[in-house]
Amino acid sequence: MSRSGHAVPESDDPSMACPPPDEARAGYLVPVATKDASHVHLTGTVARRRYRSASGDRVLWDDELVGFGLRLRKQSGVGGNWIVKFRSRGEARRVTLGKTENLEAPEARAQAKQLLAKAALDGLPMRAKVPKVPTFEAFVAEFWRDYHRHWKPSTQKTSAGAIHRELVPFFGAMNLAEIAKSDIVRWRDCFAESRSGVFNRAVPVLSVMFKYAELLGYRPKGSNPCRGIARYKRELPERFLSPIEYFRLARVLEADESDHLLDVAIVRLLIFTGARSGEIEALKWRMVQPSRLMLDDSKTGAKIVYLNEQAEAVLAALRPAISRDLGALIFPMKTRRKPRNVERYWAAARRRAALPDVRLHDLRHSFASAAITRARVPFASLGKLLAHALPETTARYAHLADEAIAEAAERVCGGLAKHLGLRP
């Protein structure tokens, strides 16, 4: 008899119409379940069962997650240790995750999955971990903690002001990685009417912050949105003293010398060296070397200031009146602990010399002007005299050089014309 749907030998025996018992199913095409007592679905219930073994530790392996197991101690009764077995770089490893009484089964299974996945991906290229990107305001604290020590105290003060007054109010709530060049342009436009100088001083600080954010991985390399943002063009103040103004100033300094010895000496050194006021105010005797000043630090780093005869005479006149301790300040305050600030004296002295608009820094400009127009000092030499870090800084005096060159060209051409018989 044909028994469609049943893959059994045909037989006319009616007793075979019913399915055979379990022990006689060998002729059926159905999987035969093979019970393996060491493979079970590991749960908290399994972990709480009482197992006893006289032959040593026993391991129950999970029938779903290969490599996840429960090691039972010999004669331990209830509980054991969750373990995970895998191969890492060709070597078999077994890691204990924790005791069953301290680690629940779902948590142990999750940890096992993580370890197994990590082992499976070991050696394959992985996507770089991207740190969580903070807002700009949150990044400020991290940046300042790491970076501010690399600035001079004066730079720290001005940069902190720019960050908290100009940058945080505009960019504070923005995600650091999402700030784009368009945001910088909108911020720049806020300064268009009357505060262009504030923008010019703040944007370098912002640029440094973005560069540091790239180093920390908060932004992609080369993504600084400040790159290419033009600063506002400003007419830099140029005030050069004329010979008659130098004469008026010299008379005032001579009259004040007995009552303001150190202040007058500072001003004279500024006139004769073209140095910055802070560089002269902070001088120590150990920095005075033959025909030069060896400054430890300045706006552009370590610097050499070359001394002419007049500058050396100013310093020589101070030696009898001032302690020659090499570590001592040449121009101290009364407490001898801090450098002298000559601004207060200069504010009064320039008024008496009828020069109310002349700043101390204008003495540096005047030194550069005299070097170009009178001494015909080349640009390269002038840059070294003034210790400019960039040639562009020296180039601001180019118009003075143009005048001197035009005058020299006139003299040269006049001489040639005379030899050619073109001029009497």
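One can find the structure itself at the top, above this paragraph.
The following refers to the structure shown. Quick caveat: nothing in here was measured; it's all calculated off a predicted structure. (Residues numbered from 1 in each chain as written. Predicted model: local features only at pLDDT ≥ 70, side-chain atom pairs only at ≥ 80, totals over all residues. Heavy atoms only, no water.)

This part is about the overall build of the protein. A tally of helices and strands in the protein yields 15 helices and 10 strands. Across the 424 residues of the protein, 37% fall into the buried class. For the protein, the share of sequence-separated contacts (at least 6 apart) that also reach a separation of at least 24 residues comes to 53%. Put simply, the protein shows about 26,600 Å² of open surface, and 55% of that area lies on carbon and sulfur atoms. (Helix = DSSP H or I, 4+ residues; strand = E, 2+ residues; numbered from the N terminus. Buried < 20%, exposed > 50% of the residue type's maximum accessible area, 1.4 Å probe, protein only. Contact = heavy atoms within 4.5 Å. Areas by Shrake-Rupley, 256 points an atom, 1.4 Å probe, with all protein chains shown as cover.)

What follows is about the sheet that holds strand E10 (residues 303-306). Strands sit in the order E8-E9-E10 across an open sheet of 3 strands; the sheet is antiparallel. Edge strands, defined here as strands with exactly one partner in the open sheet, are strand E8 (288-289) and E10. (Pairing = 2+ DSSP bridges.)

Right, let's get into the packing of helix H3 (residues 136-147) against helix H4 (residues 153-171). Put simply, H3 and H4 touch, their axes get as near as 10 Å, and they point 165 degrees apart. Between H3 and H4, the crossing angle belongs to the class labelled roughly antiparallel. Relative to H4, the crossing made by H3 is right-handed. Judged by residue contacts, Phe136, Glu137, Val140, Phe143 and Trp144 of H3 engage Gln156, Ser159, Ala160, Ile163, His164, Leu167, Val168 and Phe171 from H4. Partitioning the contact of H3 with H4 into residue classes produces 9 nonpolar, 3 polar and 1 charged. (Axes fitted to C-alpha atoms, helices over the stretch in contact; angles between N-to-C directions. Parallel < 35°, antiparallel > 145°, perpendicular 65-115°, else oblique. Left-handed = near helix turned anticlockwise from the far one by under 90°. Nonpolar A, V, L, I, M, F, W, Y, C, P; charged D, E, K, R; others polar.)

So, on to the packing of aromatic side chains. Inspection of the entire model under this criterion finds 16 aromatic pairs. Geometrically, the ring pair formed by Phe143 and Tyr212 is edge-to-face, given 6.0 Å between the ring centres and 70 degrees between the ring planes. Of this pair, Phe143 sits in helix H3 while Tyr212 is found in helix H6 (residues 196-215), placing the two residues 69 residues apart along the sequence. Each member of the pair, Phe143 as well as Tyr212, carries the same accessibility label: buried. Between Tyr147 and Trp151, the aromatic rings sit 5.3 Å apart at their centres with planes inclined by 70 degrees, giving edge-to-face as the arrangement. One residue, Lys85, lies across the ring of Trp61, its end atom 4.5 Å from the ring centre. Across the ring face of Tyr232, the terminal group of Arg188 is positioned such that the distance to the ring centre comes to 4.0 Å. (Phe/Tyr/Trp six-rings, centres within 6.5 Å; stacked < 30°, edge-to-face > 60°. Lys NZ or Arg CZ within 6 Å of the ring centre and 35° of its normal.)

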